[in-house]
Amino acid sequence: FPAMGAMEIEADNTHLQRKHSLYRSLDEKFEIQKETYRGQQYSQIYFARLHHMRTLLYSLLPNWKPHLPVCTVLGLEEGKECIIVGTLYKHMKLKPTILDEYSKERSVVPLVKPHNFIHPDDHLVLEDESGRVKLGGTVLLPSKYVTGIVVALHGKDSGAGDFFVQDVLEAGLPPQIEQALKSSSIAYLLLGLGVNNPLPQNRMNFYHPYGIFGEDKYVVFVSGIRVGSNMSNPLQFQLLVDHITGHLGDVKVKLHIEQEQSIAAQIVHVVIAGNSVEIPNGLLNGQNLGSKEQSMLSEPIKELDILLTQIVAGVSVDIMPGPDDPANFSLPQQALNRCLFPGSSVYNTFRSCTNPHSFGLDDIRFLGTSGQNIDDLEKYSEATDKLEFMERTLRWRHLAPTAPNTLGCYPFSDRDPFLLEECPHVYFIGNQNKYETCLLTGTEGQSVRLISIPKFCETGVVVVLNMRNLECHALSFGTQFGT
Amino acid sequence: MASTASRDMKGFYRQKKSGGITKGKTSKASTSKKQQSKSATTLGSDVAQTPALISHGALDINDGYDENESVLRQFDMNMAYGPCLGIDRLARWERAQKLGLNPPKEVETLLREGKVGAQCLWDGRV
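What counts as what
- Each chain has its residues counted from 1, running along the sequence as written.
- Chain A is the first chain written and ligand 1 is the first ligand written, with later ones labelled in order.
- Side-chain atom pairs in this predicted model are given and counted only at pLDDT of 80 or more, local residue features only at pLDDT of at least 70, and totals for whole chains, interfaces and linings cover all residues.
- Excluded from the side-chain calculation are hydrogens and water; included are all heavy atoms of the structure.
- For patch building, the residue pool is restricted to those with more than 30% relative accessible area and no salt bridge; the joining distance is 9 Å between like charges and 5 Å between nonpolar side chains (Val, Leu, Ile, Met, Phe, Trp, Tyr).
- Per-residue and other accessible areas were derived by the Shrake-Rupley procedure at a 1.4 Å probe size, with only the shown protein chains allowed to occlude residues.
- Here, a salt bridge means any Lys or Arg side-chain nitrogen found within 4 Å of an Asp or Glu carboxyl oxygen.
- In this text, helices come from DSSP runs of H or I with a minimum length of four residues, and strands from runs of E with a minimum of two, each type numbered from the N-terminal end.
- By disulfide we mean two sulfur atoms from cysteines, separated by a distance within 2.5 Å.
- When accessible area is computed with a 1.4 Å probe and restricted to protein chains, residues below 20% of their type maximum are described as buried, those above 50% as exposed, and intermediate ones as partly exposed.
- Note on contacts: a residue pair is in contact if any heavy atoms of the two residues lie within 4.5 Å.
- Here, axes are lines fitted to C-alpha atoms. For helices the fit covers the stretch in contact, and angles between N-to-C directions go from 0 to 180 degrees.
- Roughly parallel refers to an angle under 35 degrees, roughly antiparallel to one over 145, roughly perpendicular to one between 65 and 115, and oblique to any angle outside these ranges.
- Handedness of a helix crossing follows the sense of rotation of the near helix relative to the far helix, less than a right angle counterclockwise being left-handed and clockwise being right-handed.
- Residue classes follow a fixed rule: Ala, Val, Leu, Ile, Met, Phe, Trp, Tyr, Cys and Pro count as nonpolar, while Asp, Glu, Lys and Arg count as charged, and any other residue, Gly among them, counts as polar.
- Only centres within 6.5 Å qualify two rings of Phe, Tyr or Trp (six-membered ring in Trp) as a pair; their planes then separate them into stacked at under 30 degrees, edge-to-face at over 60, and tilted for everything else.
- By definition, being over a ring means that NZ of Lys or CZ of Arg is both within 6 Å of the ring centre and within 35 degrees of the ring normal.
- Throughout this description, a polar contact denotes any pair of N or O atoms lying within 3.5 Å of each other; where both atoms belong to protein, one of them has to be capable of donating a hydrogen while the other can accept it, and for residues adjacent in sequence the pair is counted only when both atoms sit in side chains.
- Buried area: the accessible surface (1.4 Å probe) lost by two parts on joining, summed over both.

**Q** Would you explain a nonpolar patch on the surface in this entry?
**A** Side chains of Met77, Leu85, Trp122 and Val126 of chain B sit close together on the surface and give an oily, nonpolar patch of about 380 Å² of accessible area. One can find valine 126 of chain B in the segment after α4 (105-113).

And the structure:
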């Protein structure tokens, strides 16, 4: 049966073929199967992060302020202007600490927490292996920063016990691999030989990645489907499935059929960014489950599998775990187990992926999460909108700077997988309150499409991206009118 | 039992100067007090000593500490290679190598030979 490509849709004797894209998974650094836990603490991952970012920042210093000496925190001399590089720590008055939970009476109901823990008294501290120093001055606004970012600071020891900051250098957007406008057929043959992209041999000779130069190919992003919750409307998701698989189309007007279905035939990939199921909460309270409760527990997943099978039969799908999915809690979340999807995992178009998820389609690099990294930033810092948080993570070259401080994270000992080595072309986050997008440009010609994917169960909205020009628009499957 | 050990400790154990990190103070053999040497490397405990060693007064106060161990402890303490707790010495050496920090080759040779402690000096003590 066809591998990843053609799905024929019969419509008045016109066979529509689905477009095809070369897929490459780049998730290897987010997998933790090969890691062994030897009792290490988080100091190891912070060391790896500091070392990597400091080496990078040192290489940028000659272009920034070459005349200033670089010191370590312990080597600061009073009044001497210099540059120091280290990890930022933000001391926050309102940040919940485990000790607070012990000072009050233990209660079953969690203490009500404010949505955002910012306070005007928050201050920043810079730390490296030798020591830490409190940061003063008005250049660094604590409300914009969080613990875990590595920066270079120009300033001097004020003599009052803090470091007066005069200027700050962030790493900036990482370099971006240029999109090849003219494909190199040799490069694509080589890509096609990779294990992840088994193209049938007879297709290779005819395959040209862009076909006609500049044709439209679409990627659909959806998140927060929440099958099994009260909020999710099965009709909405079924409409989405029908649209993607090309079953929607007005039979009365021939033109319409071709239009709607031909749009659907241009969808080459679907990404589901987390929170696809909602397991009924009341069941997971430690009590033994009867058979009725056990089937209630597995109903949402079974329903999701049935829906997914319909999609994977026609187009490749990546499903990522989210904060409420049956996957591990700490980042990087590992792929949802294939045994949860007995129906859809049979298809090779079905891919269960990690969160964060990184992949390449043709030569466009995608990177995204189910939203935890940005949601955590929102709790501990301020910005005008989610896109600004996303931009900051790119400029800091770190996907989840608050991990492991306030965001659960695996204690890697020799690397930090969230460091961004290269700039993606498309950067998305799932499970947000509304659809937002913008095109971010960098100083070295980088261009990134930032996408905030709204929760489908609440909004009925999915995001559609055109790979030809990185333009994106929302597609609404709302079944309510006039609200 | 320790208390019945020979009153003349001089003949039974060798006093060895401990250099580097440990600052042990070995008791004087000249006194005839029933005193056992409290080696800093064992933090004063003789839990690791077999009863036979104790009754003959020939405590293993070296506790596996020699020049090789001293070199490795310097490696553990060097902040440039990152924290040493919770990671095997060899893994830490390999990480330093991977990050381009050029850790000393002799440390690697010592660790691969296998006759030295695989864990850092704080292991099991903090």
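**Q** In this structure, what is going on with the state of the cysteines? I would like to understand it.
**A** Defined simply, a disulfide is a covalent bond joining two cysteines at their sulfur atoms. By the definition in use, this model includes zero disulfides over all chains. Between cysteine 438 of chain A, a cysteine without a disulfide, and cysteine 472 of chain A, which holds the nearest cysteine sulfur, the sulfur-to-sulfur distance is 9.8 Å. There is no disulfide at cysteine 84 of chain B, and the cysteine sulfur nearest it, in cysteine 120 of chain B, is 3.9 Å away.

**Q** Explain the pattern of salt bridges to me, please; I cannot follow it from the model alone.
**A** Pairs may arise between side chains of opposite charge once their charged atoms sit close together. Under the criterion given, the structure shown has 29 salt bridges over all chains. Across the salt bridge formed by glutamate 422 of chain A and arginine 365 of chain A, the nearest N and O atoms sit 2.3 Å from each other. One end of the pair, glutamate 422 of chain A, is in the loop between α9 (386-395) and β16 (426-432); the other, arginine 365 of chain A, is in strand β15 (residues 364-369), with 57 residues separating them in the sequence. Connected via shared salt-bridge partners are Glu69, Arg73, Asp76 and Arg89 of chain B.

**Q** Sorry if this is basic, but what is going on with the environment of isoleucine 451 of chain A here?
**A** Residue and element names in this part refer to chain A. When you line up the elements, isoleucine 451 lands in strand β18 (residues 447-454). What makes isoleucine 451 buried here is its relative accessible area of 0%. Sequence spacing of isoleucine 451 and lysine 386 is 65 residues, and the spatial spacing of their C-alpha atoms is 9.4 Å. In this view, isoleucine 451 contacts Phe221, Met390, Val426, Tyr427, Phe428, Ile429, Glu436, Thr437, Val463, Leu465 and Cys472; residues no more than four positions away in its chain are not counted.

**Q** How should I be thinking about the packing of helix α2 (residues 67-77) of chain B against helix α3 (residues 89-98) of chain B in this particular structure?
**A** Helix-helix packing: each pair is described by the crossing angle between the helix axes and the interaxial distance. Residues and elements named next belong to chain B. With their axes 11 Å apart at the nearest point, α2 and α3 run at an angle of 55° to one another. Taken as axis vectors, α2 and α3 run oblique relative to one another. For the pair α2 and α3, the sense of crossing is left-handed. Residues Glu69, Leu72, Arg73, Phe75 and Asp76 of α2 form the contact with α3, whose own contacting residues are Arg89, Arg92 and Trp93. In terms of residue class, the contact of α2 with α3 is built from three nonpolar, no polar and five charged.

**Q** Quick question: what am I supposed to make of helix α8 (residues 372-380) of chain A here?
**A** When α8 of chain A is considered as a whole, its buried residues turn out to be Gln372, Asn373, Ile374, Asp376, Leu377 and Tyr380 of chain A. Contacts made by the buried residues of α8 of chain A are with β5 (81-91), β15, α9 and β16 of chain A.

**Q** Would you mind going over the packing of aromatic side chains with me for this structure?
**A** Here the distance between the centres and the angle between the planes together describe a pair of aromatic rings. Residue and element names in this part refer to chain A. Throughout the structure, instances matching the rule amount to 12 aromatic pairs over all chains. Here the aromatic rings of phenylalanine 237 and phenylalanine 456 are separated by 6.0 Å at their centres, their planes lie at 80°, and the arrangement is edge-to-face. Taken together, the residues span a long stretch of sequence, with phenylalanine 237 in helix α5 (residues 234-245) and phenylalanine 456 in helix α10 (residues 456-459) at a distance of 219 residues. As far as burial versus exposure is concerned, phenylalanine 237 and phenylalanine 456 are alike and both buried. Grouping aromatic residues by their ring pairs yields a cluster made of Tyr23, Phe221, Phe359, Phe366 and Phe428. Over the aromatic face of tyrosine 23 sits the side chain of arginine 351, whose NZ or CZ is 3.6 Å from the ring centroid.

**Q** Would you mind showing me how to read the side chain of threonine 147 of chain A here?
**A** All names here are of chain A. By secondary structure assignment, the location of threonine 147 is in the loop between β7 (132-136) and β8 (150-157). For threonine 147, a relative accessible area of 8% translates into the label buried. Within polar-contact distance, the side chain of threonine 147 engages the backbone nitrogen of lysine 90 at 2.9 Å. Not counting the four nearest positions on each side in its chain, threonine 147 is found in contact with Tyr46, Leu88, Tyr89, Lys90, Pro401, Thr402 and Asn405.

**Q** Where do I start with the interface of chain A and chain B in this structure?
**A** It is common to report an interface's size as the accessible area lost on association of the parts. At the interface, 11 residues of chain A touch 14 residues of chain B. Of the roughly 1100 Å² buried at the junction of chain A and chain B (both faces included), carbon and sulfur atoms supply 58%. One can count two salt bridges joining chain A with chain B. Here aspartate 414 of chain A ties to lysine 98 of chain B by a salt bridge, and the two come within 3.2 Å at their closest N and O atoms.

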